[in-house]
Amino acid sequence: MLVQQKNKRKVYYFNSADGYCAYQFSKILGELVQSLDKSREEIVFLCIGSDRATGDSLGPIIGYKLSELEYKNYTIYGTLDEPVHAKNLRETIEKIKESHKDSILIAIDASLGNSNHVGFITLGEGPLKPGAGVSKDLPAVGDLFITGIVNFSGLLDNMLLQTTRLNVVMKLADCICLGIRFCLPLRAN
């Protein structure tokens, strides 16, 4: 696990190839959730992305995997069936603000980074700025953010998202979902 300081906030990096990644990610996610206002019991996961580009499908894949589990006090927006992407992000954020006023919002998205961090998960406090890596002007969202670095940033970033290996995306999705499962209680039967 690597820790970097950005704008007085810590950003944690976890290598999805590390066997302890899900455990380490889960531990820090639990600490960050606990550090937020404890009166807010509901958690909303906003899984951003599109299933039309492999590199951008991380969010919807995570949303799909999480929606199959029975969580207590958790809501998921953004799945493979109903993705949340650039065209419907603003209206989805408004819907969340109206329907889940006192919730903790965790934004999840794919990102581009340097070539040494491909396959890493980032976790941090504060909002996520979706679309920043591909020069889209979208609203920042979230109390916490989770990103998976699916490819390196460079020329033609949109093309890089189209040609990202599904294997990288799935390893990141599996690790993030496992970490969330370790961290958050499932609904009792």
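Refer to the preceding data block for the structure.
Residues take numbers from 1 onward in each chain, read along the sequence in its written order. With the structure being a predicted model, the display of local features is reserved for residues of pLDDT at least 70 and the display and counting of side-chain atom pairs for 80 or more, all residues being used for whole-chain, interface and lining totals. Side-chain metrics in this entry use all non-hydrogen atoms of the structure; hydrogen atoms and water are not considered.

Colleague: So, the environment of S153: which residues are in play, and what are the values?
Modeller: Comment: elements are numbered from the N terminus, with helices defined as DSSP H or I runs of at least four residues and strands as E runs of at least two. Along the polypeptide, S153 turns up in the loop between β7 (144–152) and α4 (157–162). With relative accessibility at 41%, the residue S153 sits in the partly exposed group. Relative accessible area decides the class of each residue, using a 1.4 Å probe on protein chains only: under 20% of the type maximum gives buried, over 50% gives exposed, and in between gives partly exposed.

Colleague: Just give me the short version of the side chain of T92, but keep the residues and values in it.
Modeller: Relative to the helices and strands, T92 is located in helix α3 (residues 89–99). Between N or O atoms, a polar contact is any pair within 3.5 Å; within protein, one atom must be a potential hydrogen donor and the other a potential acceptor, and residues adjacent in sequence are included only when both atoms are from side chains. Here N88 takes part through its backbone oxygen, which lies 2.8 Å from a polar atom of the side chain of T92. Beyond its immediate chain neighbours, meaning those up to four positions away, T92 contacts L46, Y77 and V84. Contacts are assigned to residue pairs with any non-hydrogen atoms lying within 4.5 Å of each other.

Colleague: Got a sec to walk through a nonpolar patch on the surface? Specific residues and values, please.
Modeller: Patch construction takes residues with relative accessible area above 30% that form no salt bridge. Like charges are linked within 9 Å, and nonpolar side chains (Val, Leu, Ile, Met, Phe, Trp, Tyr) are linked within 5 Å. Note that accessible areas follow from Shrake-Rupley with a 1.4 Å probe, and for residues the cover is restricted to the protein chains shown. Each salt bridge in this description consists of a side-chain nitrogen of Lys or Arg and a carboxyl oxygen of Asp or Glu lying within 4 Å of one another. A cluster of nonpolar side chains, contributed by Y20, Y23, L178 and F182, occupies part of the molecular surface with about 480 Å² of accessible area. For L178, the location among the structural elements is in helix α5 (residues 166–183). Owing to a relative accessible area of 36%, L178 belongs among the partly exposed residues under this scheme.

Colleague: Describe the pattern of salt bridges, with residues and values.
Modeller: The tally for this structure, following the rule as stated, stands at four salt bridges. R40 is the salt-bridge partner of D143, the closest N and O atoms lying 3.4 Å from each other. Here the residue D143 occupies a position in the loop between β6 (120–125) and β7, and R40 occupies one in the loop between α1 (21–35) and β3 (43–47), the gap between them amounting to 103 residues. Judged by relative accessible area, which is 25%, D143 ranks as partly exposed. For R40, a relative accessible area of 19% puts it in the buried group. Between K129 and D137 there is a salt bridge; the shortest N-O distance is 3.6 Å.

Colleague: So what's going on with the packing of α1 against α5? Residues and values would help.
Modeller: Packing of α1 against α5 brings their axes to within 8 Å, and their N-to-C directions diverge by 50°. By the criterion of interaxial angle, the relationship of α1 to α5 is oblique. Here α1 and α5 pass one another in a crossing that is right-handed. Touching C21, A22, Y23, F25, S26, L29 and G30 of α1 are C175, I176, L178, G179, I180, F182 and C183, all from α5. Convention adopted: a line fitted to C-alpha atoms gives each axis, helices being fitted over their contacting stretch, and angles between N-to-C directions are expressed from 0 to 180 degrees. Any angle that falls under 35 degrees is termed roughly parallel, while one over 145 is termed roughly antiparallel, one within 65 to 115 roughly perpendicular, and all others oblique. Two helices cross in a left-handed way if the nearer one is turned anticlockwise from the farther one by less than a right angle. They cross in a right-handed way if the turn is clockwise.

Colleague: Explain the pairing of β6 to me, using residue names and the numbers behind them.
Modeller: In terms of burial, β6 is a largely internal element, five of the six residues being buried. Pairing of strand β2 (residues 9–15) with β6 involves five bridges; the strand directions are antiparallel. From the neighbouring strand, F14 faces β6, where its bridge partner is I121. Any two strands with at least two DSSP bridges between them are considered paired. Here β6 pairs with β7 via five bridges, running antiparallel.

Colleague: Residue-level account of the packing of aromatic side chains, with values.
Modeller: Planes of paired rings set the category: under 30 degrees apart is stacked, over 60 is edge-to-face and the rest tilted, where pairs are Phe, Tyr or Trp rings (Trp by its six-membered ring) whose centres lie within 6.5 Å. This model, assessed by the stated rule, comprises two aromatic pairs. With 5.7 Å between their ring centres and 90° between their planes, F14 and F25 make a pair best called edge-to-face. Of this pair, F14 sits in strand β2 while F25 sits in helix α1; the two residues are eleven residues apart in sequence, bridging distant segments of the chain. As far as burial versus exposure is concerned, F14 and F25 are alike and both buried. Here the aromatic rings of F45 and Y74 are separated by 6.3 Å at their centres, their planes lie at 40°, and the arrangement is tilted. Here Y74 lies in strand β4 (residues 74–77) and F45 lies in strand β3, a separation of 29 residues in the sequence. Exposure remark for Y74: the relative accessible area of 15% places this residue in the buried category.

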